[in-house]
Amino acid sequence: MRTEIAQAMSELFARRGFDAVTVEEAAGEVGISRATFFRYFGSKEDAVLAAIEASSIDYVAALQDLPPRTGETPWQLMQRAFVGALTHIDEHSELERSRVQMINATVSLRTRMAQRRFAYEDALTPVLAARIDTPEAARPVIVAALACLDLAWRRWAAGKARTMAESVATVFAHLGSAP
């Protein structure tokens, strides 16, 4: 029930604007009371994050499941993991695109997503460290790769790439080719 409410509210916020919809309006639109909303969520941000968590992309599993490639750099490995994890995000993912646009336009949601990035950093670092020759390089690579992933999501949401895979490849290529 919590996930269904979160998904419905997230869609509503994405359609009408996060700040334009009150908790009361959102609750009414999805057929629950304000009190029921607060039984499930502490804030509107919590509802959006619950919807994102429900459809969360498992970057750790994507990295763990990749077969090794001879001569592949940690950077290339992270790009391959992200592209593999995001293959289902394509030009037809309008709901996902509108959610990302909403998050990027809302400071409180961007802040909460940045907190999630720290959790991804902590989860991905040991997995990458176990796969590379210089384990102490894992955290800097992960931090840079997550920043690139964030930029790729923003580019895709803005319509600068048809698919997330294309957006990730472009961002990683630009950083990789920088002097």
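Since this is a predicted model, take the numbers as computed values, not measurements.

Caption draft 1: Spotlight on the overall build of the chain. Broken down by element type, the chain carries 10 helices and 0 strands. Mapped from its N terminus to its C terminus, the chain presents α and β elements in the order α-α-α-α-α-α-α-α-α-α. Taken along the three principal axes of its C-alpha coordinates, the chain extends 55 × 30 × 25 Å. Put simply, the chain has 179 residues, and 43% of those count as buried. The centroid of the 20 positive side-chain charges in the chain is displaced by 3 Å from the centroid of its 22 negative side-chain charges.

Caption draft 2: Looking closely at helix α1 (residues 2-16). With 15 residues, α1 ought to run about 21 Å at 1.5 Å a step, and its terminal C-alpha atoms sit 21 Å apart, in line with that. Of all the residues in α1, the buried ones are Ile 5, Ala 6, Gln 7, Met 9, Ser 10, Leu 12, Phe 13 and Ala 14. For α1, the secondary structure elements touched by its buried residues are α2 (23-29), α3 (34-40), α4 (44-54) and α7 (94-105). Where α1 ends, the next residue or the one after it, Gly 17, has phi of about 105°, a positive value.

Caption draft 3: Spotlight on helix α10 (residues 164-177). The first and last C-alpha atoms of α10 sit 20 Å apart over 14 residues, in line with the 20 Å expected at 1.5 Å per residue. Buried residues along α10 sit against α6 (74-85) and α9 (138-157).

Caption draft 4: Representation of the packing of aromatic side chains within the structure. Scanning the model with the defined rule gives 9 aromatic pairs in all. Between Phe 37 and Phe 38, the aromatic rings sit 4.9 Å apart at their centres with planes inclined by 85°, giving edge-to-face as the arrangement. The exposure class assigned to Phe 38 is partly exposed, which follows from its relative accessible area of 35%. Ring plane angle 40° and centroid distance 5.4 Å describe the contact between Phe 37 and Phe 41, whose orientation is recorded as tilted. The buried category is assigned to Phe 41, whose relative accessible area is 2%. Clustering of aromatic rings is evident, with ring pairs tying together Tyr 59, Trp 75, Phe 82, Tyr 120 and Phe 172.

Caption draft 5: Molecular detail of the side chain of Arg 80. In this fold, Arg 80 is placed in helix α6. Look at Arg 80 and you get buried, because its relative accessible area is 14%. Polar side-chain contacts of Arg 80 include one of 2.8 Å to the backbone oxygen of Pro 67. Within polar-contact distance, the side chain of Arg 80 engages the side chain of Glu 72 at 2.8 Å.

Caption draft 6: Focus on the pattern of salt bridges. The full count for this structure, using the stated rule, is 10 salt bridges. Its salt-bridge partner being Glu 72, residue Arg 80 comes within 2.8 Å of it at the nearest N-O pair. Residue Glu 72 is classed as partly exposed on the basis of its relative accessible area of 21%. Asp 150 is the salt-bridge partner of Arg 117, the closest N and O atoms lying 3.5 Å from each other. Placement of Arg 117 in helix α8 (residues 107-129) and of Asp 150 in helix α9 is noted, with a sequence separation of 33 residues between them. Arg 117 gets classed as partly exposed once you look at its relative accessible area, which sits at 31%. Judged by relative accessible area, Asp 150 falls into the partly exposed class, the value being 28%. Connected through salt bridges with shared partners, the residues Arg 16, Glu 25 and Glu 29 form a single ionic network.

About the criteria used
Each chain carries its own residue numbering, running from 1 in the written order of its sequence. In keeping with the predicted nature of the model, local features appear solely for residues at pLDDT of at least 70, side-chain atom pairs appear and are counted solely at 80 or more, and the whole-chain, interface and lining totals rest on all residues. The side-chain figures draw on all heavy atoms in the structure; neither hydrogens nor water molecules are used. Secondary structure counts use DSSP, requiring at least four H or I residues in a row for a helix and at least two E residues in a row for a strand, with both numbered from the N terminus. Note on classification: 1.4 Å probe, protein chains only; a residue is buried when its accessible area is under 20% of the maximum for its type, exposed when over 50%, partly exposed between these limits. Note on charges: Lys and Arg go in the positive column, Asp and Glu in the negative column, and His and the chain ends are not counted at all. Lys charges are placed at NZ, Arg charges at CZ, Asp charges at CG and Glu charges at CD. Under the convention used throughout, the expected extent of a helix is 1.5 Å for every residue step, that is, one less than its residue count. Any two residues whose heavy atoms approach within 4.5 Å are treated as being in contact. Whether two aromatic rings pair depends on their centres lying within 6.5 Å, for rings of Phe, Tyr and Trp, where Trp uses its six-membered ring; planes under 30 degrees apart make the pair stacked, over 60 edge-to-face, and the rest tilted. The definition of a polar contact used here is a pair of N or O atoms within 3.5 Å, where within protein one atom must be able to donate a hydrogen and the other to accept one, and adjacent residues in sequence count solely through side-chain atom pairs. Between Lys or Arg on one side and Asp or Glu on the other, a salt bridge is scored when a side-chain nitrogen of the former is within 4 Å of a carboxyl oxygen of the latter.

Keep in mind that these numbers describe shape and distance, not what the molecule does.
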